[in-house]
Protein chains: 2
Amino acid sequence: MKVTMVRNNLEANDRLAEENRRLFDRHRLTVINLMSAPGAGKTSLLERTVAALRSELSIGVVEGDIQTSLDAERIERAGAVAVQINTDGACHLDANMVAAAVGQLELEKLDLLIIENVGNLVCPAEFKVGEHAKVMVLSLAEGDDKPLKYPLMFKESRVLLINKLDLGPYVSSDPKRIEQAARSINPEITIFPVSCKTGEGLEAWYGWLRRTCAESKA
Amino acid sequence: MKVTMVRNNLEANDRLAEENRRLFDRHRLTVINLMSAPGAGKTSLLERTVAALRSELSIGVVEGDIQTSLDAERIERAGAVAVQINTDGACHLDANMVAAAVGQLELEKLDLLIIENVGNLVCPAEFKVGEHAKVMVLSLAEGDDKPLKYPLMFKESRVLLINKLDLGPYVSSDPKRIEQAARSINPEITIFPVSCKTGEGLEAWYGWLRRTCAESKA
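Residues numbered from 1 in each chain as written. Chains lettered and ligands numbered in written order. Predicted model: local features only at pLDDT ≥ 70, side-chain atom pairs only at ≥ 80, totals over all residues. Heavy atoms only, no water.

K.L.:
Any chance you could explain the nonpolar core here in plain terms?
P.N.:
Note on soluble globular proteins: their nonpolar side chains tend to be buried together. Formed by 51 residues in total, the largest nonpolar core has its most connected members in A:Phe154, A:Leu160 and B:Leu160. Mapped onto this core, the elements with two or more residues apiece are strand 6 (133-139), helix 6 (151-156), strand 7 (159-163) and helix 7 (175-185) of chain A together with strand 6 (133-139), helix 6 (151-156), strand 7 (159-163) and helix 7 (175-185) of chain B. Among the elements that make up this core, the one with the highest residue count is helix 7 of chain A (three residues). The residues touching A:Phe154, leaving out its near neighbours within four places in the chain, are A:Met136, A:Leu138, A:Lys146, A:Pro147, A:Leu160, A:Ala182, A:Ile185, A:Asn186 and A:Ile189. (Core = buried A, V, L, I, M, F, W, Y, C linked by side-chain atoms within 4.5 Å. Buried < 20%, exposed > 50% of the residue type's maximum accessible area, 1.4 Å probe, protein only. Helix = DSSP H or I, 4+ residues; strand = E, 2+ residues; numbered from the N terminus. Contact = heavy atoms within 4.5 Å.)

Here you go:
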């Protein structure tokens, strides 16, 4: 009988995440773990963010996808250095995958590293990768009930971007109800309602990134 | 040192799924495993489907969610018998959870059982639960690139419903491009473009369900 022995995987992951974190801190680099369900707009947010901040901050991006390098290509066109991780079926990034990817980046040249996780509202929230902050995106089209139905990611995230505000007139969800539900799970969460299509609300998000990077350098 | 031994979990799950399947077949019951990312519209589709077919078919629903019984309440209001599974953090349903849930249903009174999986475009596709067919929903708001980026669910599904056609004028995705990408992964897949808001396209889906149930009874 073939038996596979698995020790506490999460514990092993946490140790590797701490190593990643020490590496990032040595470089005074701010690292964001960006998470959402598929299609909430993580890559569109990154395109906008890179284009808006590239003159002030040197930005690197790690793109996590099960398959394809479509997202890394989009990000490089927007003007950041990007490394693609293909997880080959795995539903989240872990600290080991991120360690391999950041080995391909010149960290000493970066101010900000954004790690775009696999599109999944569940599993990525369970795995630290060495980030300073978890940031999540929820599309208005996904519905008001998502914080209560998928609480862990809302609980773990320091920032929630409610994206696709431009769809407001055409869907039944309400950003205020989403905010209320998210705060019932995580009273400290910072919330930015935005539209990556029109640009609405993005200045507040850029301001948060600027402040967070400045704190790492201080 | 504490060591956890895990034999091939997927193999154990497959055996339990076969047991579920034999139980369903004894009752000449058609069982659908309904999957999608969070907020694609699985529960709205079920509300519409139950309301449209309840006079012809006796329908049961198993609702899989990490937390809450919001969905089971919606389905019962629409007129079907519903059992809620709370996975307590798990990102997919497995055969064991489904076995426990169907034990609470009078299967001999049902023609059709729909199992609404946890909202997740990745993990649910890996776990059989004893279903006759996997059916998936993709919202037009999620984007054209999803079949290539999350291929397994598209490969495993017999039917793809492209939902939220009503958002067509306000998003950049195109149902034709989604169809093309889905067929490049699974040439046999049956595709129904629909809107659970306006009802557009749903008759074709109801027809597929009627035919599939009739085949199980034959």
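Back to the text.
K.L.:
How should I be thinking about the packing of aromatic side chains in this particular structure?
P.N.:
Ring pairs (aromatic) are described by centroid distance and by the angle formed between their planes. Residue and element names in this part refer to chain A. Per the counting criterion, the structure on display carries three aromatic pairs over all chains. With centroids separated by 5.8 Å and ring planes inclined at 10 degrees, the aromatic side chains of Trp 205 and Trp 208 adopt a geometry described as stacked. Pair noted here: Trp 205 and Trp 208 are both in helix 8 (residues 202-217), with a separation of three residues, about one helical turn. Residue class for Trp 205 comes out buried when judged on its relative accessible area of 2%. (Phe/Tyr/Trp six-rings, centres within 6.5 Å; stacked < 30°, edge-to-face > 60°.)

K.L.:
Which parts of the structure should I look at to understand the interface of chain B and chain A?
P.N.:
When the parts of a complex come together, some accessible area is lost, and that lost area is often used as the size of the interface. Contacts between the two partners involve 40 residues from chain B, matched on the other side by 40 residues from chain A. Of the roughly 3000 Å² buried where chain B meets chain A, counting both sides, 63% is carbon and sulfur surface. When the buried surface of chain B facing chain A is broken down by residue, B:Pro38, B:Lys149 and B:Tyr170 rank first, second and third, together holding 20% of it. Where chain B packs against chain A, one counts four salt bridges. A salt bridge links B:Lys149 to A:Asp71; its shortest N-O distance comes to 2.7 Å. On the surface where chain B and chain A come into contact, there are eight residue pairs in polar contact (both at pLDDT 80 or more). For the side of chain B that touches chain A, the elements supplying multiple residues, two or more each, are strand 1 (4-6), helix 3 (70-78) and helix 5 (146-149) of chain B. Classifying every residue of the side of chain B that touches chain A by side-chain character gives 20 nonpolar, seven polar and 13 charged. (Buried area = accessible area lost by both parts, 1.4 Å probe. Salt bridge = Lys/Arg side-chain N within 4 Å of Asp/Glu carboxyl O. Polar contact = N/O pair within 3.5 Å; in protein donor to acceptor, adjacent residues only side chain to side chain. Nonpolar A, V, L, I, M, F, W, Y, C, P; charged D, E, K, R; others polar.)

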